Amino acid sequence: LATRLGIDKYAGTTDETKAGPVWNGTVRLHQPHLDQPLRWKRPRRIFVNSMSDLFHEALSDEDIDKVFAVMATANWHTFQILTKRADRMRDYCRSFVARHSSEEGRNILDRTVWPLPNVWLGVSVEDQAAADARVPALLDTPAAVRWLSCEPLLGPVDLTRVGYGEDPFDECGGHPESAIGAVATGMWWDATTGHFWSDNRHGDGSRSGLELSARYPRIDWVVCGGESGARSRPMHPDWARGLRDQCAATSLPFLFKQWGEWTVTYDRDAEDPDWRRCPTARNNNERYLNLAGGHGFHGERMVFVRKSGKKAAGRLLDGVLHDGYPEV
């Protein structure tokens, strides 16, 4: 995409190969575009770095400070950040107040609270392994909104089994049930120490200006979708249903973004609940998906999918549009 767009800011980030252009690992801060959100006067949601990762190791903390300075200044916008480098995002955000490492950082603290209330921080979760690795770090990250992008969803994800990495709750007593179902309230994030404290830690009810009121940390939003593109892999509908049902059980906003390139053409549990027949693929474009662990004489969840294109596949899950967003 960077090669096809032919935009200056992407120059030197790709190499030509026999298979076509490929990313060569280059990541850099493009200074001329930093102030672009400041020129957009009407409030909007801005997805930061749709083709990159703000917490890539090639970027310094000072580079990231500059991006956060713009987001702090353009406080009429909502910024959505997504990373696969959850550990670095956590370390950056937890150390920001203490670091004061740059002029941009000092200016942010002079003008606003931390974490920035208009910045949503999220991690990519494509399967259970990614959830187990990244969600605990996200929960340890000070953020106004924490969200998951389960897109492309490449396997089932059970968020109720995901806990915390560095457990900040020992001294306060009580532990969360899971990343999406919290049992304790009245917790405060102390940005100067990097810990959560209960209300009774502040006998006079006061809080420092560097603290932001926060309930027991949990995920605030889940986005789910299938993969698109020429080499896309199909998503089993039960994977999406699983996330939908987990969110519904905990009143968590859920957005089903797309099926991707693949359309479900046959779902035996929905169309043949008595399991009286065992169909086969009707043509070469159809593929059988197996999700072991179902009930019946095969012990499988039989689903067929067909590559139809993203537009034809649409974004209805069991005929329902799921378009949830956090209320902030």
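Residues numbered from 1 in each chain as written. Predicted model: local features only at pLDDT ≥ 70, side-chain atom pairs only at ≥ 80, totals over all residues. Heavy atoms only, no water.

S.K.: Sorry if this is basic, but what is going on with the packing of helix H3 (residues 61-73) against helix H4 (residues 86-99) here?
M.R.: The relative placement of two packed helices comes down to the angle between their axes together with the axis-to-axis distance. As a packed pair, H3 and H4 sit with axes 12 Å apart at the nearest point and diverge in direction by 80°. The angle between H3 and H4 falls in the class roughly perpendicular. Residues Asp61, Ile64, Asp65 and Phe68 of H3 pack against Arg88, Tyr92, Phe96 and Arg99 of H4. A class-by-class count of the residues in the contact of H3 with H4 yields four nonpolar, no polar and four charged. (Axes fitted to C-alpha atoms, helices over the stretch in contact; angles between N-to-C directions. Helix = DSSP H or I, 4+ residues; strand = E, 2+ residues; numbered from the N terminus. Parallel < 35°, antiparallel > 145°, perpendicular 65-115°, else oblique. Contact = heavy atoms within 4.5 Å. Nonpolar A, V, L, I, M, F, W, Y, C, P; charged D, E, K, R; others polar.)

S.K.: Help me understand the packing of H4 against helix H6 (residues 128-139), please; the structure alone is not making it clear to me.
M.R.: The N-to-C vectors of H4 and H6 enclose an angle of 10°; their axes lie 8 Å apart at closest approach. Judged by the inter-axis angle, H4 sits roughly parallel to H6. Contacts from Ala86, Asp87, Met89 and Arg90 of H4 reach H6 at Arg134, Ala137 and Leu138. Of the residues assigned to the contact of H4 with H6, the class counts are four nonpolar, no polar and three charged.

S.K.: Even after reading the chapter, I still don't get the sheet that holds strand S6 (residues 145-150), so can you show me in this structure?
M.R.: Strands belonging to one sheet form pairs held by backbone hydrogen bonds; the direction of such a pair is parallel or antiparallel. Read across the open sheet, the six strands follow the order S3-S4-S5-S6-S10-S11; overall the sheet is parallel. A strand with exactly one partner marks an edge of an open sheet, and here the two such strands are strand S3 (45-48) and strand S11 (254-258). Neighbour-to-neighbour, the strand axes of this sheet turn through a mean angle of 25°, independent of strand direction. Examined bridge by bridge, S3 and strand S4 (residues 78-83) share four bridges and lie parallel to one another. Looking across to S4, one finds that Ile46 is bridged to Phe79. In this fold H3 packs onto S3, S4 and strand S5 (119-124), with an angle of close to 155° to the strand it touches most, S4. With respect to the sheet, H6 is in contact with S5 and S6, its orientation differing from that of S5 by roughly 160°. (Pairing = 2+ DSSP bridges.)

S.K.: What is the right way to look at a nonpolar patch on the surface in this model?
M.R.: On the surface, a nonpolar cluster with roughly 350 Å² of combined accessible area is contributed by Leu1, Leu5, Ile7 and Met51. Mapped onto the elements, Met51 comes out in the loop between S3 and H3. (Patch = residues over 30% accessible without salt bridge, like charges linked within 9 Å, V, L, I, M, F, W, Y side chains within 5 Å. Areas by Shrake-Rupley, 256 points an atom, 1.4 Å probe, with all protein chains shown as cover. Salt bridge = Lys/Arg side-chain N within 4 Å of Asp/Glu carboxyl O.)

S.K.: Which parts of the structure should I look at to understand the pattern of salt bridges?
M.R.: Pairs can form between side chains of opposite charge whenever their charged atoms are close. Per the stated rule, a full pass over the model turns up 15 salt bridges. Among the salt bridges present, the one from Lys257 reaches Glu151, with a minimum N-O distance of 3.5 Å. Separated by 106 residues along the polypeptide, Lys257 in strand S11 and Glu151 in the loop between S6 and strand S7 (187-190) bring together distant segments of the chain. Given a relative accessible area of 21%, Glu151 falls into the partly exposed group. The structure contains a network of salt bridges with shared partners spanning Asp238, Arg241, Arg244, Asp245, Asp267 and Asp318. (Buried < 20%, exposed > 50% of the residue type's maximum accessible area, 1.4 Å probe, protein only.)

S.K.: So what exactly am I meant to see when it comes to the packing of aromatic side chains here?
M.R.: The way to describe two aromatic rings as a pair is by their centre distance and the angle between their planes. Going through the model one piece at a time under the given rule, you end up with eleven aromatic pairs. Measuring from ring centre to ring centre gives 5.5 Å for Phe68 and Trp114, while their planes differ by 50°; the resulting arrangement is tilted. With Phe68 in helix H3 and Trp114 in the loop between helix H5 (103-111) and S5, this residue pair connects regions lying 46 residues apart in the sequence. Residue Trp114 is classed as buried on the basis of its relative accessible area, which comes to 2%. Taken together through their ring pairs, the aromatic side chains of Phe47, Trp120, Trp147, Trp221 and Tyr325 make up a single cluster. One Lys or Arg, Arg44, reaches over the ring of Trp40 and ends 4.1 Å from the middle of that ring. Above the plane of the ring of Tyr325 lies Arg45, whose end atom (NZ or CZ) is 4.0 Å from the centre. (Phe/Tyr/Trp six-rings, centres within 6.5 Å; stacked < 30°, edge-to-face > 60°. Lys NZ or Arg CZ within 6 Å of the ring centre and 35° of its normal.)

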